[in-house]
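What follows is each chain in one-letter form.
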Amino acid sequence: MHSLLALDIGGSAIKYGLWQENTLSNTGSIKTPETWLEMKATIQALVQQFHQQITGVAIASPGAVDTARGIIYGASAIDYIHRFTIRQELADLIGLPVSIQNDANCAALAEVWQGNARQVANSAYLIIGSGIGGAVVINQQLQPGAHLFGGEFGFMIIDGQTKQTLSEAGSPVTMSKHFSQEKNDGRLYSGIEVFELAKKGDTLAEVYVDRLLQGITIGAFNLAVTVDPEIILIGGAISKNAEVIAEVNHRLKQLILEKGAEGLAPVVKPCKFYNQANLLGAVYQFMLENPIKEEK
């Protein structure tokens, strides 16, 4: 059985946890280092902290991760992790096997492994935050695409006139920023606060929430007609809002009828895992790459 140090590397913080006996424990977070040299020292220190208990390190990372070559392409808030053989360098540094997978893909893997897509063959994911990431799973297998861009739904253009992308239209962070600018009362509102104002009848907040929900719905519709999944799972903080999930389901059904796409019947649900999704998915990726051979 694998005992692993799981890491979720983000732009501002690295979350970590110990995977042992099918349980994630000893979770915590530390500030993301500013250089690759500091990052190596940080990972080495965490490995040393758990060295007697672990047999490998499982990493969730931003960027377009080539799991076969152990290289992170694309771009992210951590510019120094890209375009070199990072997996091999870390493995050599700590003397243990290392796996690396894209963070949105990790969130999807967590759902396939132990979450709301466990018994579903085909699923699609919208991981909503400051932008929108995602993943496609067919027959319970991730589909990274020919150029590792499979699931990058945030780049989907949903307005032909303005060239507005799904990340721009469906992000609560972007929505709240624009709302605050138009409200112009000296406050910087959060997405949660804009939703609360809308529920209280603030007309401007209602407009912004409606636009956000419509953006997410259009994105989900485009996924439905492209991938035809049984389920579309939404992750990120917004997934905790049951009213949002219900409203997107309602609007998606209406849009399917309006566009004559009867027969499509994807169900929109929240991801089961939230804060620990990327850690769990990273663990599963390590297991896929390093299967334990049964003794004869």
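The shown structure was predicted, so the numbers you read here are calculated from the model rather than taken from an experiment. (Residues numbered from 1 in each chain as written. Predicted model: local features only at pLDDT ≥ 70, side-chain atom pairs only at ≥ 80, totals over all residues. Heavy atoms only, no water.)

Colleague: Please explain the pattern of salt bridges as it appears in this structure.
Modeller: Two side chains bearing opposite charge may form a pair once their charged atoms approach each other closely. With the rule as written, the count across this model stands at seven salt bridges. Between arginine 187 and glutamate 193 there is a salt bridge, with its nearest N and O atoms 3.1 Å apart. Measuring nitrogen to oxygen at the nearest pair gives 2.7 Å for the salt bridge that ties glutamate 247 to arginine 251. Of this pair, glutamate 247 and arginine 251 both sit in helix 8 (residues 242-258), four residues apart, roughly one helical turn. (Salt bridge = Lys/Arg side-chain N within 4 Å of Asp/Glu carboxyl O. Helix = DSSP H or I, 4+ residues; strand = E, 2+ residues; numbered from the N terminus.)

Colleague: Whenever I open this one, the sheet that holds strand 7 (residues 98-102) confuses me. Can you help?
Modeller: Hydrogen bonds between backbone atoms are what pair the strands of a sheet, whose relative direction is either parallel or antiparallel. Read from one edge to the other, the open sheet built from five strands follows the order 3-2-1-4-7, with strand pairing classed as mixed. Bordering the open sheet on either side are strand 3 (23-31) and strand 7, each of which pairs with just one other strand. For this sheet, the mean angle separating the axes of adjacent strands, direction not counted, is 20°. Sheet topology places strand 1 (residues 4-9) next to strand 2 (residues 13-20); six bridges connect them, and they run antiparallel. Pairing of isoleucine 9 across the sheet is with isoleucine 14, part of strand 2. Sitting on the sheet, helix 1 (residues 36-49) touches strand 1, strand 2, strand 3 and strand 4 (56-61), and the angle it makes with strand 1 is about 150°. Docked against the sheet, helix 3 (residues 103-114) engages strand 1, strand 2, strand 4 and strand 7, running at close to 100° with respect to strand 7. (Pairing = 2+ DSSP bridges. Axes fitted to C-alpha atoms, helices over the stretch in contact; angles between N-to-C directions. Contact = heavy atoms within 4.5 Å.)

Colleague: How should the nonpolar core be read in this particular structure?
Modeller: A general feature of soluble globular proteins is that nonpolar side chains tend to end up buried together. Leu126, Ile234 and Ile238 are the most contacted members of the largest nonpolar core, which has 39 residues in total. Of all the secondary-structure elements, those providing two or more residues to this core are strand 8 (123-128), strand 9 (132-138), helix 4 (166-170), helix 5 (172-183), helix 6 (191-199), helix 7 (203-227), strand 13 (231-235) and helix 8. Ranked by residue count, the leading element in this core is helix 7, at eleven residues. When neighbours within four sequence positions are excluded, isoleucine 234 is seen to be in contact with Leu126, Ile128, Ile216, Ser239, Ile245, Val268, Lys269, Pro270 and Cys271. (Core = buried A, V, L, I, M, F, W, Y, C linked by side-chain atoms within 4.5 Å. Buried < 20%, exposed > 50% of the residue type's maximum accessible area, 1.4 Å probe, protein only.)

Colleague: I tried to follow the packing of helix 1 against helix 2 (residues 86-94) on my own but got confused; where do I start?
Modeller: A pair of packed helices is captured by two measures, namely the crossing angle of their axes and the spacing between those axes. With their axes 10 Å apart at the nearest point, helix 1 and helix 2 run at an angle of 50° to one another. When the interaxial angle is binned, helix 1 and helix 2 end up oblique. Where helix 1 crosses over helix 2, the two elements pack in a sense that is right-handed. Touching Trp36, Lys40, Ile43, Gln44 and Val47 of helix 1 are Ile86, Glu89, Leu90, Leu93 and Ile94, all from helix 2. (Parallel < 35°, antiparallel > 145°, perpendicular 65-115°, else oblique. Left-handed = near helix turned anticlockwise from the far one by under 90°.)

Colleague: Can you walk me through the domain arrangement of the chain in this structure?
Modeller: A common way to express how large an interface is: the accessible area buried when the components associate. Per the domain assignment, the segments of the chain are domain 1 (4-106 + 275-289) and domain 2 (119-271). Its C-alpha centre places domain 1 at a distance of 28 Å from the equivalent point of domain 2. In this assembly, seven residues from domain 1 lie in contact with six residues from domain 2. In total, domain 1 and domain 2 occlude about 540 Å² of area from one another, counting both sides; carbon and sulfur atoms represent 62% of this. If you sort the residues of domain 1 by the area they bury against domain 2, Ala64, Ala104 and Asn105 come out on top, with a joint share of 69%. Our enumeration of links across domain 1 and domain 2 arrives at zero salt bridges. Taken together, the links from domain 1 to domain 2 amount to zero residue pairs in polar contact (both at pLDDT 80 or more). The element that contributes the greatest number of residues to the side of domain 1 that touches domain 2 is strand 5 (residues 64-66), accounting for three residues. Looking at side-chain class alone, the side of domain 1 that touches domain 2 contains four nonpolar, two polar and one charged residues. (Domains from an automatic or database assignment. Buried area = accessible area lost by both parts, 1.4 Å probe. Polar contact = N/O pair within 3.5 Å; in protein donor to acceptor, adjacent residues only side chain to side chain. Nonpolar A, V, L, I, M, F, W, Y, C, P; charged D, E, K, R; others polar.)

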